[in-house]
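This is what each chain is made of:
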Amino acid sequence: MNDAWGTVTAVDDGQATIRMDDGGCGRCRESGGCGGNNLGQLLCATPRTLRVANPERCVVGQRVRVGVVDGSLGSSALHAYAVPLLGLFVGALGGSAVAGEIGAIGGSLGGLLAGWWGLRRAHLRSRDDPRFRPSIRP
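Residues numbered from 1 in each chain as written. Predicted model: local features only at pLDDT ≥ 70, side-chain atom pairs only at ≥ 80, totals over all residues. Heavy atoms only, no water.

Here we look at a nonpolar patch on the surface
A grouping of Ile 102, Ile 105 and Leu 109 is seen on the molecular surface, where their side chains present a nonpolar patch of about 330 Å² in accessible area. Structurally, the position occupied by Ile 105 is in helix H2 (residues 72–126). Residue Ile 105 is classed as partly exposed on the basis of its relative accessible area, which comes to 45%. (Patch = residues over 30% accessible without salt bridge, like charges linked within 9 Å, V, L, I, M, F, W, Y side chains within 5 Å. Areas by Shrake-Rupley, 256 points an atom, 1.4 Å probe, with all protein chains shown as cover. Salt bridge = Lys/Arg side-chain N within 4 Å of Asp/Glu carboxyl O. Helix = DSSP H or I, 4+ residues; strand = E, 2+ residues; numbered from the N terminus. Buried < 20%, exposed > 50% of the residue type's maximum accessible area, 1.4 Å probe, protein only.)

Brief notes about the sheet that holds strand E4 (residues 63–68)
If you walk across this open sheet you meet the 5 strands as E3-E2-E1-E4-E5, and the pairing is antiparallel. Both outer strands of the open sheet, strand E3 (49–53) and strand E5 (135–137), are each paired with one neighbouring strand and no more. The sheet shows a mean angle of 50° between the axes of neighbouring strands, taken without regard to direction. Judged from the 3 bridges that link them, E4 and E5 form a sheet pairing that is antiparallel. Looking at the pairing, Val 66 lines up with Ile 136 of E5. (Pairing = 2+ DSSP bridges. Axes fitted to C-alpha atoms, helices over the stretch in contact; angles between N-to-C directions.)

Regarding H2
Its 55 residues place the ends of H2 only 10 Å apart at the C-alpha level, less than the 81 Å of an ideal helix rising 1.5 Å per residue. Buried residues along H2 sit in contact with E4. (Expected span 1.5 Å × (residues − 1). Contact = heavy atoms within 4.5 Å.)

Observations regarding the pairing of strand E1 (residues 2–12)
Where E1 and E4 come together, 6 bridges link them in antiparallel fashion. Note on E4: the bridge partner recorded for Asp 3 is Gly 67. Of the strand pairs in this sheet, E1 and strand E2 (residues 15–20) are connected by 6 bridges, and their pairing is antiparallel. Looking across to E2, one finds that Asp 12 is bridged to Gln 15.

What about the pattern of salt bridges?
In the structure shown here, the tally under the stated rule is 4 salt bridges. The salt bridge partner of Arg 65 is Asp 3, with a shortest N-O separation of 3.1 Å. Here Arg 65 is found in strand E4, whereas its partner Asp 3 is found in strand E1, with 62 residues between them in sequence. Exposure remark for Arg 65: the relative accessible area of 27% places this residue in the partly exposed category. Judged by its relative accessible area of 24%, Asp 3 falls in the partly exposed class. The partner of Asp 12 in a salt bridge is Arg 51, and the shortest N-O contact between them spans 3.0 Å. Of this pair, Asp 12 sits in strand E1 while Arg 51 sits in strand E3, and the two are 39 residues apart along the sequence. Looking at Arg 51, the relative accessible area reads 48%, which means it is partly exposed.

Topic: the environment of Ser 135
Mapped onto the secondary structure, Ser 135 falls in strand E5. The spatial distance from the C-alpha of Ser 135 to the C-alpha of Ala 16 is 9.9 Å, given a sequence separation of 119 residues. Ignoring sequence-local partners within four residues, the contact set of Ser 135 consists of Arg 65, Val 66 and Gly 67. Within the structure, the side chain of Ser 135 is placed 3.3 Å from the side chain of Arg 137, a separation counted as a polar contact. (Polar contact = N/O pair within 3.5 Å; in protein donor to acceptor, adjacent residues only side chain to side chain.)

Remember, this is a structural readout, not a statement about activity or role.
Dropping the structure here:
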């Protein structure tokens, strides 16, 4: 389970809006931590908020633990980064073999577009899957 802490800022219709305290897993200062939180704070200073189901009826101001199922972050990262990048490389190599430098440019753009399309399809397939949704943990 990958967990992070946040504070409930609004509650309505069985949903809670949560302002997350940290970006990432919170292991930045531990050995083996990647330091992604530091980079996230540098690139995005605004606090992140999530809207999640509120079955425990949390109230505004309450600190809660939000988590996602193990494996969902890795799967999401694979789809978001590896699939479009692989499409770009395969398209560039294929286009280069067929039509040289111009083919590589066109093939890389086509491969990137195909990778984006694959990412979009994966998102649409998993959007209603509860394994890929953050939830409030007891």
